[in-house]
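A closer look at the structure
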Amino acid sequence: MDGRIEQVHQSPDVYKIEVPFENISTSATNCYVVKDGDDALVVDTGAPTDEGAAVLSAALDELAVDRDRAKWFLTHLHMDHAGLVDQVVPDGGFLLIGANEVAAVRASRTGMFLETLRRLYRRQGVPLASLSVAARLGIEVQMFDPARLRTLLLHDGDTVTVGRWEFKVVETPGHTPGHLSLVHPESRILFGGDHALFVISPSIALFADGQDGLQTYFDSMQKVQNLGISQLYHSHGPIRDGFEERFTWLVEHHEARLAEAEGIIARIPHLTGYKIIRTLKWNVPFDEWDDIPIMQRWCILTQGIVYLNHLVATDRIAAKDYGDGVLLYESVQ
Ligand SMILES: [Zn+2]
């Protein structure tokens, strides 16, 4: 069997395929195939590169996946998960995606959303020059031609069958607004997408409607912990034991960042979000803010705003607008 295919579970039979994709934090997306007889479920596809398409196609052939008959499940619509749909899913293919994820992506394709996003960054004091770049990068989510496919929109608790196996859909919003996981209740294995990873702390979505994205993520984390799963099949990096400890670590990691932001605000009141975020220690190999590549800077800004929103929503800090439309932060006594 090709080195990129590995059987990781039996009954249900699960195969992991590493679809190559180089970026700053990972070298591949783990896609999974569940097989039972002639039925197959493919979990995620990988990033849209020629090499990735070749690797995934070869793996599906080797596993004798009947692509017309298979179900194609996407945990979320980031391009390193949904990017190969048009290359590997045949016309009329049976695509399964979160209803909330589709709604969020559709909303992000309107001019109004762009305006909301611009306003949101402006409120944090982000300089105008960065704004249009940020807004443009922010809406670059990979989509595909949905008219070509039979698409089923999924909700929490829906069932996805593969041969004799029944999986349950678990909505795990946070990393994206409509992120899904898939659990097999009997064996308690869970396909968790980017909800929890070992190689990095997954980014948290900035919800355009003002929802507290970090709290949403924490709630999803608790929800998955309550499932009592036996094995986490995540989307990047080697499969490892100790996912429960990792869940705890991820929450603590965010808590430490929140405390750091709180500390800055206590020490230096009335800073803009932009200044606070630049003062926080981020895990990047650059000393100067301006040396950080624009894409990464945008990610940092977004995460910083997610933290500030959470601190405000949980009454740990206050945000005040003194009349110019820009928020200044202060401690809550
Ligand atoms: Zn993702």
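Scoring rules and cut-offs
- Residues numbered from 1 in each chain as written.
- Predicted model: local features only at pLDDT ≥ 70, side-chain atom pairs only at ≥ 80, totals over all residues.
- Heavy atoms only, no water.
- Helix = DSSP H or I, 4+ residues; strand = E, 2+ residues; numbered from the N terminus.
- Rg over C-alpha atoms; globule rule 2.2 N^0.38 Å.
- Buried < 20%, exposed > 50% of the residue type's maximum accessible area, 1.4 Å probe, protein only.
- Contact = heavy atoms within 4.5 Å.
- Areas by Shrake-Rupley, 256 points an atom, 1.4 Å probe, with all protein chains shown as cover.
- Salt bridge = Lys/Arg side-chain N within 4 Å of Asp/Glu carboxyl O.
- Pairing = 2+ DSSP bridges.
- Axes fitted to C-alpha atoms, helices over the stretch in contact; angles between N-to-C directions.
- Phe/Tyr/Trp six-rings, centres within 6.5 Å; stacked < 30°, edge-to-face > 60°.
- Lys NZ or Arg CZ within 6 Å of the ring centre and 35° of its normal.
- Donors = N, O, S within 2.8 Å, 3.2 Å for Na, K, Ca; no water.
- Tetrahedral: all angles 85-135°; square planar, octahedral: opposite > 155°, others 65-115°.
- Parallel < 35°, antiparallel > 145°, perpendicular 65-115°, else oblique.
- Nonpolar A, V, L, I, M, F, W, Y, C, P; charged D, E, K, R; others polar.

The chain goes by MBL fold metallo-hydrolase in an unreviewed UniProt entry, where it is assigned to Senegalimassilia faecalis.

Here's the deal with the overall build of the chain
In terms of helices and strands, the chain carries 10 helices and 15 strands. Here the chain has a C-alpha radius of gyration of 21 Å; the compact-globule value for 333 residues is 20 Å, and the two agree. The C-alpha extent of the chain, read off along each of the three principal axes, is 65 × 40 × 35 Å. Looking at the chain as a whole, 51% of its 333 residues qualify as buried. A fraction of 64% describes how many contacts in the chain between residues 6 or more apart in sequence connect residues 24 or more apart. As displayed, the chain offers around 14700 Å² of accessible surface, 50% of which is attributable to carbon and sulfur atoms.

Observations concerning the pattern of salt bridges
Per the counting criterion, the structure on display carries 15 salt bridges. Residue glutamate 262 pairs with arginine 316 through a salt bridge whose shortest N-O separation is 3.0 Å. Linking glutamate 262 in helix H8 (residues 243-267) with arginine 316 in the loop between helix H10 (294-313) and strand S14 (317-321), this pair joins segments that are 54 residues apart in sequence. Among the residues examined, glutamate 262 registers a relative accessible area of 25% and is labelled partly exposed. What makes arginine 316 partly exposed here is its relative accessible area of 26%.

A look at the sheet that holds strand S8 (residues 159-162)
Judged by pairing direction, the sheet is mixed, and its five strands sit side by side in the order S8-S9-S10-S11-S12 without closing on themselves. With one partner strand each, in any of the chains shown, S8 and strand S12 (231-234) form the two edges of the open sheet. Geometrically, the sheet is characterised by an average inter-axis angle of 25 degrees between neighbouring strands, direction not taken into account. Pairing of S8 with strand S9 (residues 165-171) involves four bridges; the strand directions are antiparallel. Residue pairing in the sheet places threonine 159 in a bridge with lysine 168 of S9.

Some details on the sheet that holds S14
Sheet strands associate in pairs through backbone hydrogen bonding, adopting either a parallel or an antiparallel arrangement. Across the sheet, three strands lie side by side as S13-S15-S14; this open sheet has antiparallel pairing. Here the strands that pair on one side only, and so sit at the sheet edges, are strand S13 (271-272) and S14. Bridge analysis of S14 against strand S15 (residues 327-331) gives five bridges, and the strand direction is antiparallel. Opposite lysine 320, over in S15, you have leucine 328 as the bridge partner. The strands that H10 touches are S14 and S15; relative to S14, the one it contacts most, it runs at about 105 degrees.

Here we look at the packing of aromatic side chains
For the structure shown, the criterion picks out seven aromatic pairs. For the pair tyrosine 32 and phenylalanine 191, a centre-to-centre distance of 5.3 Å together with 45 degrees between the ring planes defines the contact as tilted. Here phenylalanine 191 lies in strand S11 (residues 189-193) and tyrosine 32 lies in strand S3 (residues 28-36), a separation of 159 residues in the sequence. Counting every residue linked through ring pairs, the aromatic cluster contains Tyr32, Phe167, Phe191 and Tyr233. Above the face of the phenylalanine 94 ring, arginine 150 is positioned so that its terminal group lies 5.0 Å from the ring centre.

Here's the deal with the coordination of the zinc ion
Donor atoms from the polypeptide that coordinate the zinc ion comprise His76 (NE2), His78 (ND1), His175 (NE2) and Asp194 (OD), at 2.1 to 2.3 Å from the metal. Metal-centred angles of 91 to 168 degrees between the four donor atoms at the zinc ion mark the site as irregular. Of note, the donors binding the zinc ion are all from one chain and are spaced H-x1-H-x96-H-x18-D. Linking histidine 175 in the loop between S9 and strand S10 (180-184) with aspartate 194 in the loop between S11 and helix H7 (213-226), this pair joins segments that are 19 residues apart in sequence. A residue is classified by how much of its surface remains accessible, and aspartate 194, at 4% relative accessible area, is buried.

Details of the environment of serine 203
Tracing the sequence through the fold places serine 203 in the loop between S11 and H7. Exposure remark for serine 203: the relative accessible area of 32% places this residue in the partly exposed category. In the structure, serine 203 is positioned 28 residues away from histidine 175 in sequence and 5.7 Å away in space, judged by C-alpha atoms.

Focus on the packing of H8 against H10
Where H8 meets H10, the closest approach of the two axes is 10 Å, and the angle between their N-to-C directions is 75 degrees. Here H8 is positioned roughly perpendicular relative to H10, judged by the angle of their axes. Contacts from His253, His254, Arg257, Leu258, Ala261, Glu262 and Ile265 in H8 reach Tyr307, Leu308, His310 and Leu311 in H10. When the residues that make up the contact of H8 with H10 are grouped by side-chain class, the tally is six nonpolar, three polar and two charged.

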